[in-house]
Amino acid sequence: MTESVHTVTGMTCGHCASSVTEEITKLDGVTDVAVDLPTGAVTITSTTPVPLPALRAAVTEAGYELVS
Ligand SMILES: [Cu+2]
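What counts as what
- Residues numbered from 1 in each chain as written.
- Predicted model: local features only at pLDDT ≥ 70, side-chain atom pairs only at ≥ 80, totals over all residues.
- Helix = DSSP H or I, 4+ residues; strand = E, 2+ residues; numbered from the N terminus.
- Buried ≥ 20, exposed ≤ 12 C-beta atoms within 10 Å, placed from the backbone.
- Arc of directions from axis to C-beta.
- Contact = placed C-beta atoms within 7 Å.
- Pairing = 2+ DSSP bridges.
- Axes fitted to C-alpha atoms, helices over the stretch in contact; angles between N-to-C directions.
- Core = buried A, V, L, I, M, F, W, Y, C linked by C-beta atoms within 7 Å.

Participant: I tried to follow the overall build of the protein on my own but got confused; where do I start?
Facilitator: Secondary structure summary: the protein contains 2 helices and 4 strands in total. Counting from the amino terminus, the protein carries its helices and strands in the arrangement β-α-β-β-α-β. Counting the 68 residues in the protein, one finds 26% classified as buried.

Participant: Can you walk me through helix α2 (residues 52-62) in this structure?
Facilitator: Side chains three or four residues apart in an α-helix point the same way, a direct result of the helix having 3.6 residues per turn. For α2, every residue scored as buried is listed here: Leu55, Ala58, Val59 and Ala62. Looking down the long axis of α2, one finds its buried residues gathered within 95 degrees of arc, a one-sided arrangement. Away from its buried face, by an angle of more than 90 degrees, α2 presents the exposed residues Pro53 and Thr60. Structurally, α2 contributes buried residues whose contacts are with β1 (2-9), α1 (14-25) and β4 (65-66).

Participant: Would you mind going over the environment of Thr21 with me for this structure?
Facilitator: With respect to the helices and strands, the residue Thr21 is situated in helix α1. Using a count of 17 C-beta atoms within 10 Å as the deciding quantity, one classes Thr21 as partly exposed. Residues Thr21 and Thr45, 24 residues apart in the sequence, show an inter-C-alpha distance of 12 Å. If we ignore the near neighbours within four places in the chain, the residues touching Thr21 are Val33 and Val35.

Participant: Even after reading the chapter, I still don't get the sheet that holds β1, so can you show me in this structure?
Facilitator: Sheets are built from strands paired through backbone hydrogen bonds, the pairs being either parallel or antiparallel. Pairing is antiparallel in the open sheet, where 4 strands are placed in the order β2-β3-β1-β4. The two strands at the open ends of the sheet, each matched to only one other strand, are β2 (30-36) and β4. In this sheet, strand β3 (residues 41-46) lies alongside β1 in antiparallel orientation, the contact comprising 6 bridges. The residue bridging Thr7 from the neighbouring strand is Ala41, located in β3. Its contacts with the sheet place α1 against β1, β2 and β3, and it is angled at close to 160 degrees to β2.

Participant: What is the right way to look at the nonpolar core in this model?
Facilitator: Core analysis: the largest hydrophobic core is formed by 17 residues, its most contacted members being Val8, Val20, Ile24 and Val59. With 4 residues, the single largest contributor to this core is α2.

In structure tokens, the structure reads:
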């Protein structure tokens, strides 16, 4: 298992968090996504490391921006 922490901007409520979670969960190998709304920290647990371009695309698809 791999765990990585990223920062997503633009999320303001639980609905935002669940949109981001839903899109990231669709990525290959992702088993868990945890969003900390106040900080925008997104912790992703996956069986293999998630490629950054794929992660960025998923966050963009949800309507937010991956900053790190
Ligand atoms: Cu929202």
